[in-house]
Amino acid sequence: MLGLGTSITSIDSGQVYKELSELSLFSDLDVHFDFSTLSGNHGDEVGAALNLGEAGSDGDIESNEGTPSLDTTTMSRNSVAFDGSDDVLAMAAEHTTTNKAFTIFLVFQKGDTTNDYLLTSSEGGNTDSVKTAGGGASILLKCGNESQVAIACNNTDDSTINYSFAADVPTVLLISRNTAGEVVIYADNNLKIAVKDNAAVKAGANFTLGAFGGTTSGSLADLTGNICEVGMYDVELNAARVATLLESLCTKWGVERRE
């Protein structure tokens, strides 16, 4: 078991995340893709990856759009590169949370400061999604096919830092949503960058995840950059467990931003 006082650097990082559940009987990760485990040559097309989470093979990545490619040089470990036009990785089956509560984490690096879809459900149109926007100064979040909500990160309203998502900088993003639908967003080394509890963000009954970099139909495939690792718990993690998770991810991926 991973205790809050235990040094994560001495533990296999691939096992840390599930062990967070043992701290208070939380469910293990339902969806987990660690693209550092992919093998091959730089530039190879990526069209498959195993879901290491509890949802198992039903959530494996089994198809792509465009040519997302294995990148062995940009990040500290292997990752998947998206070219900003039509590259999408799609899970064989979408995974939907059982209620409003979830914790999603994502390790990525943007190639520019344009608007970028990071995570979506697999369908085009009115899709659940996580998107960076406003020159990297906000997160656009859609849950349960409700209206998209802009969550500003470049102010200090109930957060701890004026934050923006920069190009060519390794980044950890974590979105925590509770059973009331209220959202807290963290980045990198436990920086609390946004809080949102208005009616719009609380409206969606759940969140559906099915694709990375865009959607499998429509015109939302516009990520320019790299995705390294993605995980989703079907529960809200409290602040102490979020801090442990972020520390682990930052250590693993060499993310150094602290303010």
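None of these values were measured; they are calculated from a predicted model. (Residues numbered from 1 in each chain as written. Predicted model: local features only at pLDDT ≥ 70, side-chain atom pairs only at ≥ 80, totals over all residues. Heavy atoms only, no water.)

Structural notes on the overall build of the protein
Next up, step 1: Tallying secondary structure elements over the protein gives three helices and 15 strands in all.
Next up, step 2: By the burial criterion, 53% of the 259 residues in the protein qualify as buried.
Next up, step 3: Partitioning the intrachain contacts of the protein with sequence separation of at least 6 by distance along the chain shows that 67% fall at a separation of at least 24.
Next up, step 4: Total accessible area on the protein is roughly 9,900 Å²; 42% of this is exposed by carbon and sulfur atoms. (Helix = DSSP H or I, 4+ residues; strand = E, 2+ residues; numbered from the N terminus. Buried < 20%, exposed > 50% of the residue type's maximum accessible area, 1.4 Å probe, protein only. Contact = heavy atoms within 4.5 Å. Areas by Shrake-Rupley, 256 points an atom, 1.4 Å probe, with all protein chains shown as cover.)

A closer look at empty space enclosed by the protein
Next up, step 1: One pass over the structure, following the stated rule, counts one cavity of 30 Å³ or more.
Next up, step 2: Partitioned by chemical class, the residues of the lining of the largest cavity number five nonpolar, two polar and two charged. (1 Å grid on protein atoms, 1.4 Å probe; cavity = no way out; pocket = protein on both sides within 12 Å on 5 of 7 lines; lining within 4 Å. Points joined across faces, edges and corners; volume = space filled by probe spheres on them. Nonpolar A, V, L, I, M, F, W, Y, C, P; charged D, E, K, R; others polar.)

Let's talk about the nonpolar core
Next up, step 1: Core analysis: the largest hydrophobic core is formed by 44 residues, its most contacted members being Phe35, Leu119, Leu173, Ile185, Ile193, Phe207 and Phe212.
Next up, step 2: Here this core gets four residues from one element, more than from any other, and that element is strand β6 (residues 102-110).
Next up, step 3: Contact partners of Leu119, with chain neighbours within four places excluded, come to Ile104, Leu106, Asp128, Ser129, Val130, Leu209, Ala211, Phe212 and Val230. (Core = buried A, V, L, I, M, F, W, Y, C linked by side-chain atoms within 4.5 Å.)

A few points about the sheet that holds strand β5 (residues 88-96)
Next up, step 1: Strands sit in the order β2-β5-β14-β7-β8-β9-β10 across an open sheet of seven strands; the sheet is antiparallel. With partners counted over all chains shown, the strands left at the sheet margins are β2 (61-65) and β10 (149-152), one partner each. Across this sheet, the average inter-strand angle for adjacent strands is 30°, counted without regard to direction. (Pairing = 2+ DSSP bridges. Axes fitted to C-alpha atoms, helices over the stretch in contact; angles between N-to-C directions.)

Quick notes on the side chain of Asp128
Next up, step 1: Within the secondary structure layout, Asp128 lies in the loop between β7 (116-120) and β8 (129-133).
Next up, step 2: There is no salt bridge for the buried Asp128, and the closest opposite charge comes from Lys142, which lies 5.9 Å off by N-O distance.
Next up, step 3: Here Gly144 takes part through its backbone nitrogen, which lies 3.1 Å from a polar atom of the side chain of Asp128. (Lys, Arg positive; Asp, Glu negative; His and termini not counted. Salt bridge = Lys/Arg side-chain N within 4 Å of Asp/Glu carboxyl O. Polar contact = N/O pair within 3.5 Å; in protein donor to acceptor, adjacent residues only side chain to side chain.)

So, the pairing of strand β11 (residues 171-177)
Residues in a regular strand project their side chains so that they alternate between the two faces of the sheet.
Next up, step 1: Within β11, seven of the seven residues are buried, leaving the element largely enclosed by the surrounding structure.
Next up, step 2: A two-sided burial pattern is seen for β11, the buried positions comprising Thr171, Leu173, Ile175 and Arg177 on one face and Val172, Leu174 and Ser176 on the other.
Next up, step 3: The pairing of β11 with strand β12 (residues 183-187) spans five bridges and is antiparallel. Bridge assignment links Arg177 to a residue of β12, and that residue is Val183.
Next up, step 4: The turn linking β11 back onto β12 is made up of five residues, and Gly181 within it adopts a positive phi angle of 90°.

Examining helix α3 (residues 239-253)
Next up, step 1: With 15 residues, α3 extends 21 Å from end C-alpha to end C-alpha; this agrees with the ideal 21 Å at 1.5 Å per step.
Next up, step 2: For α3, the complete set of buried residues consists of Arg241, Val242, Thr244, Leu245, Leu246, Ser248, Leu249, Cys250, Lys252 and Trp253.
Next up, step 3: Taking the backbone nitrogen of Ala240 as reference, a side-chain oxygen 3.2 Å away marks Asn238 as the first, capping residue of α3.
Next up, step 4: Positive backbone phi, at 70°, marks Gly254, one or two positions downstream of α3. (Expected span 1.5 Å × (residues − 1).)

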